[in-house]
Amino acid sequence: MYWTYPYDYRNTFQPIWQVGYQQALDLIQTSVQDERNDELFYEELIKLAPSPEQAAIITSIRNDERSHNAMFRAMYREMTGHEVYGVSDEQYSPVRTYSEGIQKALQGELSAVEKYRKIWFGLPYGIYKDTVYGIILDELKHASKYNYLFALNR
């Protein structure tokens, strides 16, 4: 006989990033605009890139951000029956140097991982949770690419 424990077996333990379903939906809504802001920021970084190879790396990240935006929008629409509207209250500050932009991008990717982890914990098992996990993996991949670009330009 095998012992199996359902996920909620330790129902008294709650990770510090645990959120409820409604909070996860709210975070998805704000993530749509965050992904759009990232996309616009990366457009600027692409123009500042010192080589076509570095521009191609940032272009691939920007394209992933576009996909994330579309997936978050679709998930929100399917889970709520509503579209995401509105704009971010985040103030845009232009990039002064490529190196500064790379550092800002790296920090942004790592912040996104933390936010998306909360979303992941707030969703029920299934395709939406799996999709957010894939987005988290992409954000970690992006952070690694920005680390590489930062090392190239030191």
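What counts as what
Residues numbered from 1 in each chain as written. Predicted model: local features only at pLDDT ≥ 70, side-chain atom pairs only at ≥ 80, totals over all residues. Heavy atoms only, no water. Helix = DSSP H or I, 4+ residues; strand = E, 2+ residues; numbered from the N terminus. Contact = heavy atoms within 4.5 Å. Buried < 20%, exposed > 50% of the residue type's maximum accessible area, 1.4 Å probe, protein only. Lys, Arg positive; Asp, Glu negative; His and termini not counted. Salt bridge = Lys/Arg side-chain N within 4 Å of Asp/Glu carboxyl O. Polar contact = N/O pair within 3.5 Å; in protein donor to acceptor, adjacent residues only side chain to side chain. Patch = residues over 30% accessible without salt bridge, like charges linked within 9 Å, V, L, I, M, F, W, Y side chains within 5 Å. Areas by Shrake-Rupley, 256 points an atom, 1.4 Å probe, with all protein chains shown as cover. Phe/Tyr/Trp six-rings, centres within 6.5 Å; stacked < 30°, edge-to-face > 60°. Lys NZ or Arg CZ within 6 Å of the ring centre and 35° of its normal. Expected span 1.5 Å × (residues − 1). Core = buried A, V, L, I, M, F, W, Y, C linked by side-chain atoms within 4.5 Å. Axes fitted to C-alpha atoms, helices over the stretch in contact; angles between N-to-C directions. Parallel < 35°, antiparallel > 145°, perpendicular 65-115°, else oblique. Left-handed = near helix turned anticlockwise from the far one by under 90°. Nonpolar A, V, L, I, M, F, W, Y, C, P; charged D, E, K, R; others polar.

*Asks:* Please clarify how the overall build of the protein chain should be interpreted in this entry.
*Replies:* Within the protein chain, the secondary structure is distributed over four helices and zero strands. Listed by position from the N terminus, the elements making up the protein chain come as α-α-α-α. Counting only C-alpha atoms, the protein chain reaches 60 × 40 × 25 Å along its principal axes. Sequence separation of 24 or more characterises 80% of the internal contacts of the protein chain that already satisfy a separation of 6 or more.

*Asks:* What is the right way to look at the side chain of E109 in this model?
*Replies:* Counting through the fold element by element, E109 comes out in helix α3 (residues 98-122). Comment: no salt bridge for buried E109; closest opposite-charge side chain is K141, at 9.5 Å. A polar side-chain atom of E109 sits 3.1 Å from a polar atom in the side chain of H142. What E109 contacts, discounting residues up to four positions off in sequence, is Y42, I61, E65, E139, H142, A143 and Y146.

*Asks:* Can you help me understand a nonpolar patch on the surface in this one?
*Replies:* Together, L110, Y133, L137 and L140 make up a nonpolar patch on the protein surface, roughly 350 Å² of accessible area in all. Locating L137 in the fold gives a position in helix α4 (residues 127-152).

*Asks:* What exactly am I supposed to notice about the packing of aromatic side chains here?
*Replies:* One pair of aromatic rings is described through two measures. These are the centre distance and the angle between the planes. The full count for this structure, using the stated rule, is five aromatic pairs. Between the aromatic rings of W120 and F121, the centroid separation amounts to 5.1 Å while the plane-to-plane angle is 80°, which identifies the pairing as edge-to-face. Overall, the relative accessible area of 24% leaves W120 in the partly exposed class. Take F121: its relative accessible area is 16%, and that puts it in the buried class. Here the aromatic residues W17, W120 and F121 are joined through ring pairs into a cluster of three or more. One residue, K104, lies across the ring of F41, its end atom 4.8 Å from the ring centre. The ring of W120 is capped by K129, whose NZ or CZ atom sits 4.0 Å from the centre of that ring.

*Asks:* How should α4 be read in this particular structure?
*Replies:* Given 3.6 residues per helical turn, the α-helix brings residues three or four places apart onto the same face. Over its 26 residues, α4 runs 37 Å from end to end, which matches the ideal 38 Å to within 8%, given 1.5 Å per residue. Among all positions in α4, only K129, T131, V132, I135, I136, E139, H142, A143, Y146, L149 and F150 are buried. Where the residues of α4 are buried, they touch α1 (21-48), α2 (52-80) and α3.

*Asks:* What exactly am I supposed to notice about the nonpolar core here?
*Replies:* Most often, soluble globular proteins have nonpolar side chains that are buried together. Counting residues in each nonpolar core, the largest one holds 19 residues, and the members touching the most others are I28, F72, M79, Y116, I119, L123 and V132. If one sorts the elements of this core by residue count, α1 sits on top with five residues. In contact with I119, not counting residues within four places along its chain, are A24, L27, I28, S31, F72 and V132. Counting residues in hydrophobic clusters, the runner-up holds 17 residues, among them L45, I46, Y98 and L149.

*Asks:* It is not clear to me how the packing of α1 against α2 should be interpreted in this structure. Could you clarify?
*Replies:* The axes of two packed helices give the description: the angle between them and the distance between them. Taken N-terminus to C-terminus, the directions of α1 and α2 make an angle of 155°; their axes are 9 Å apart at the nearest point. Viewed along their axes, α1 and α2 adopt a mutual orientation that is roughly antiparallel. In this structure, α1 crosses over α2, and the sense of that crossing is left-handed. Of the residues in the contact of α1 with α2, the class split is 13 nonpolar, six polar and nine charged.

*Asks:* Quick question: what am I supposed to make of the environment of E78 here?
*Replies:* Looking at where E78 falls in the secondary structure, it is placed in helix α2. For E78, a relative accessible area of 56% translates into the label exposed. Along the sequence, E78 and S67 sit eleven residues apart, while their C-alpha atoms lie 16 Å from each other.

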